Amino acid sequence: MKPHRPKAYRWSRENYSKQRRYIDIWSFVLKLLAARWLYNKSWSYQGGMTDAKKATRRKALASWIRETLLDLGPTFIKLGQLFSTRADLFSVEFVEELSKLQDRVPAFSYEQVAAIIERDLGKSIEELYRSFDPIPLAAASLGQVHRSQLHSGEEVVVKVQRPGLRKLFEIDLQILKGIARYFQGHPEWGKGRDWLGIYEECCKILWQEIDYLNEGRNADTFRRNFRGHDWVQVPRVYWRYTSPRVLTLEYLPGIKISHYEALEAAGLDRGRLANLGAEAYLHQLLDNGFFHADPHPGNIAVSPDGNLIFYDFGMMGQIQPVTRERLLDTFFGIAQKDADRVVRSLIDLGALAPANDMGPVRRSVQFMLDNFMDKPFEEQSISAISDDLYEVAYGQPFRFPATFTFVMRAFSTLEGVGKGLDPEFNFMEVARPFAMQLMTNGNSSSEAAGSIINELSRQAVQVGNTAFGLPRRIEDTLDKLERGDIRVRVRSTETDRVLRRISGVNLGTNYTLLTCAFTLSATILFVSNFAWVAVIPAIAASLSGIALIRLMMKLDRYDRMP
Ligand SMILES: Nc1ncnc2c1ncn2[C@@H]1O[C@H](COP(=O)(O)OP(=O)(O)OP(=O)(O)O)[C@@H](O)[C@H]1O
């Protein structure tokens with residue numbers, strides 16, 4: 001997060017109207033839907049549709065989305081960052097592109113900073129601080145950080161929230177609620193997806209992130225949880241100089257954990273840092289259940305004496321003890337390759353929606369277990385595991401709660417940073433003592449512990465002797481037969497009619513979209529005093545509207561057919 005060249009974003013203007021915002025956001029959504037519609041139309045590809053061309057188009061669309069989210073400002077930048085963890089909702093190109101979403105917004109002026117501090121803390125900057133650097137140390141979409149000094153001589157940083165953020169959030173979230181409702185009601189996209197639930201979840205996270213009192217409390221809890229670990233440092237909060245929009249913290253400078261050369265130049269041991277990073281996260285997740293949910297490398301630094309410094313406690317995840325127990329159950333299910341147990345525990349966790357026929361999900365889980373458990377434990381990469389898990393989630397009735405995706409993201413970021421610090425880094429190596437400790441501690445039965453150890457030794461034998469593979473495969477096939485996992489193709493007139501109806505409904509959605517898009521374009525042109533040009537989209541809107549009515553009449557006839 002660096003201060004950078006200013007750009008006149010519309011959302012940062014004083015006179016930016018609610019109506020204009022409405023148009024900007026809906027135009028983005030409609031363009032997105034139009035692109036999605038065109039994506040499967042072979043005539044829209046020059047020289048015919050191929051997988052390579054589709055992939056190129058997906059990539060281009062994903063990068064356009066990233067750029068537009070940046071233009072739409074703070075709410076959308078944050079949402080994009082949040083969605084970059086939802087591989088269960090979007091395909092890999094979009095997730096990759098969204099995870100590159102960096103805050104790239106202009107810093108706000110010192111006058112605005114001074115006004116916010118004075119309004120919130122009731123005193124002027126001069127009265128509160130001995131010195132205050134008017135140039136921010138860092139500027140992001142939600143706020144910026146200034147170095148300063150208290151009258152008592154303590155070096156601090158002051159994090160000040162971007163002006164007008166609350167108002168912008170209120171407007172944006174109201175518009176987004178309409179969009180979530182639209183998706184929820186959609187016959188295709190609404191199925192198996194809880195858009196309104198996701199919307200509520202996002203609202204909660206966004207509001208929490210702009211409450212600096214909440215961030216201060218989180219920092220205090222986090223510091224308490226690491227009391228016994230002097231290799232982790234968390235800036236102290238100066239509560240007398242803190243309000244919902246102003247956060248004063250102890251100044252703790254460090255080298256960013258991703259600045260590998262700088263770390264090396266400072267004589268720090270990269271391998272040790274990689275292990276400490278992993279250990280710090282395992283401690284958060286497994287011992288406390290309270291974890292840093294935004295672990296991008298910018299939020300972790302290393303002090304000159306080699307300690308880890310954590311910044312930014314706006315987004316924290318909380319794993320309840322009961323959830324931890326269920327996670328353990330999933331963990332044991334995975335170790336025993338017991339898809340039924342895994343599916344059951346995922347339902348208990350709320351990560352899977354129970355459905356009448358869990359067969360396909362169970363099959364996918366079994367496939368995943370068979371695939372990654374057949375490799376030796378050390379070779380398994382966290383990101384491969386989470387990719388596989390997302391693969392199962394995508395297109396299935398999965399409802400990954402935010403906590404789950406946060407955990408996944410924390411792990412894969414950490415693995416990336418770990419490998420960057422030390423190419424030999426192996427997350428599983430660090431995780432193993434923790435897993436062993438869990439097995440011998442508290443909640444887990446010795447039987448379960450034994451079965452994991454058995455499983456691990458079984459794998460070791462399997463790796464050493466591939467000849468064991470053949471009987472296992474035969475056994476697996478017999479198993480599958482026994483479970484009735486056989487697919488039968490049935491063709492009937494009834495099915496055909498349902499299919500015809502589904503494709504009719506699809507076409508109807510497209511006509512609706514076109515009508516909306518043309519009507520919107522006509523309205524925009526009309527209000528912008530291009531009344532004559534507005535006639536063209538208006539005609540197009542009427543034509544697609546007529547087509548829609550005709551299609552609905554046709555669908556109605558199908559329904560009444562014997
Ligand atoms: N206590 C501190 N001491 C020294 N530097 C700090 C401190 N707190 C924050 N910084 C610096 O400011 C940067 C931004 O801080 P922080 O991440 O808390 O802000 P943010 O507005 O939440 O940013 P983002 O949303 O991009 O994470 C950090 O990456 C770090 O370089």
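- Under an unreviewed UniProt entry, the name given to the protein chain is AarF/ABC1/UbiB kinase family protein, and the source organism is Myxacorys almedinensis A.
- As stated in UniProt under Sequence similarities (unreviewed entry), the record for the protein chain gives "Belongs to the protein kinase superfamily. ADCK protein kinase family."

Considerations on the nonpolar core
Consideration 1: Grouped together as the largest cluster of nonpolar side chains are 66 residues, with contacts concentrated most on Leu273, Tyr281, Val302, Leu308 and Ala410.
Consideration 2: The residues contacting valine 302, other than those within four sequence positions of it, are Gly254, Ile255, Ile257, Leu263, Leu268, Leu273, Leu308 and Ile309.
Consideration 3: Among the nonpolar cores identified, the runner-up in size contains 9 residues, and Ile334, Val343, Leu352 and Val361 belong to it.

Structural notes on helix H4 (residues 92-99)
Consideration 1: Among the residues of H4, Phe94, Glu97 and Leu98 are the ones counted as buried. Buried residues of H4, viewed axially, fall in a sector of 100°; they line one side.

A word on helix H9 (residues 212-225)
Consideration 1: Its 14 residues give H9 an end-to-end C-alpha distance of 20 Å, which sits within 8% of 20 Å, the value for a rise of 1.5 Å per residue.
Consideration 2: Among the residues making up H9, those that are buried are Tyr212, Glu215, Gly216, Asn218 and Ala219. Each buried residue of H9 sits inside an arc of 160° when the element is viewed along its axis, so together they form one side.
Consideration 3: Of the surrounding elements, those touching the buried residues of H9 are strand S4 (155-161), strand S6 (246-250) and strand S11 (316-318).

Considering the UniProt feature "transmembrane region" (unreviewed entry) in the protein chain
Consideration 1: The UniProt feature table records "transmembrane region" (unreviewed entry) at residues 530-553.
Consideration 2: When the span residues 530-553 is considered, its composition is 96% helix and 0% strand, and the gap between its end C-alpha atoms is 35 Å.

Quick word on the sheet that holds strand S10 (residues 308-310)
Consideration 1: What the 4 strands build is an open sheet, ordered S5-S10-S9-S7; its pairing is mixed. What marks the edges here is a single partner per strand, and that holds for strand S5 (232-233) and strand S7 (255-256).
Consideration 2: Relative to S10, strand S9 (residues 300-302) runs antiparallel, the two sharing 3 bridges. Bridging from a neighbouring strand, isoleucine 300 pairs with phenylalanine 310 of S10.
Consideration 3: Across the sheet, helix H11 (residues 270-288) lies against S5, S9 and S10, angled at about 45° from S10, the strand it touches most.

Focus on the pairing of S4
Consideration 1: Of all 7 residues making up S4, 6 are buried, and the element is well covered by its neighbours.
Consideration 2: Here strand S3 (residues 143-150) pairs with S4 via 7 bridges, running antiparallel. The residue of S4 that forms the bridge with glutamine 144 is valine 160.
Consideration 3: Between S3 and S4, which pair antiparallel in sequence order, lie 4 residues; one of them, glycine 153, sits at a positive phi of approximately 100°.
Consideration 4: Note that S4 and S6 share 5 bridges and pair antiparallel.

A short note on the site of the ligand
Consideration 1: Taken together, 21 residues lie around the ligand, and Ala138, Ala140, Val145, Pro235 and Asp312 are the ones closest in.
Consideration 2: For the shell around the ligand, the elements supplying multiple residues, two or more each, are S3, S4 and S6.
Consideration 3: Here the residues of the shell around the ligand are counted per class, giving 13 nonpolar, 4 polar and 4 charged.

A look at the environment of glutamine 144
Consideration 1: Mapped onto the secondary structure, glutamine 144 falls in strand S3.
Consideration 2: When the 24 C-beta atoms within 10 Å are taken as the criterion, glutamine 144 is described as buried.
Consideration 3: Residues glutamine 144 and arginine 162, 18 residues apart in the sequence, show an inter-C-alpha distance of 7.3 Å.
Consideration 4: Apart from residues no more than four positions distant in its own chain, glutamine 144 is found in contact with Ala107, Phe108, Pro136, Ala138, Ala139 and Val160.

Thresholds applied
Residues numbered from 1 in each chain as written. Predicted model: local features only at pLDDT ≥ 70, side-chain atom pairs only at ≥ 80, totals over all residues. UniProt positions renumbered as here; feature names shortened; annotations may be inferred. Core = buried A, V, L, I, M, F, W, Y, C linked by C-beta atoms within 7 Å. Buried ≥ 20, exposed ≤ 12 C-beta atoms within 10 Å, placed from the backbone. Contact = placed C-beta atoms within 7 Å. Helix = DSSP H or I, 4+ residues; strand = E, 2+ residues; numbered from the N terminus. Arc of directions from axis to C-beta. Expected span 1.5 Å × (residues − 1). Pairing = 2+ DSSP bridges. Axes fitted to C-alpha atoms, helices over the stretch in contact; angles between N-to-C directions. Near = placed C-beta within 6 Å. Nonpolar A, V, L, I, M, F, W, Y, C, P; charged D, E, K, R; others polar.

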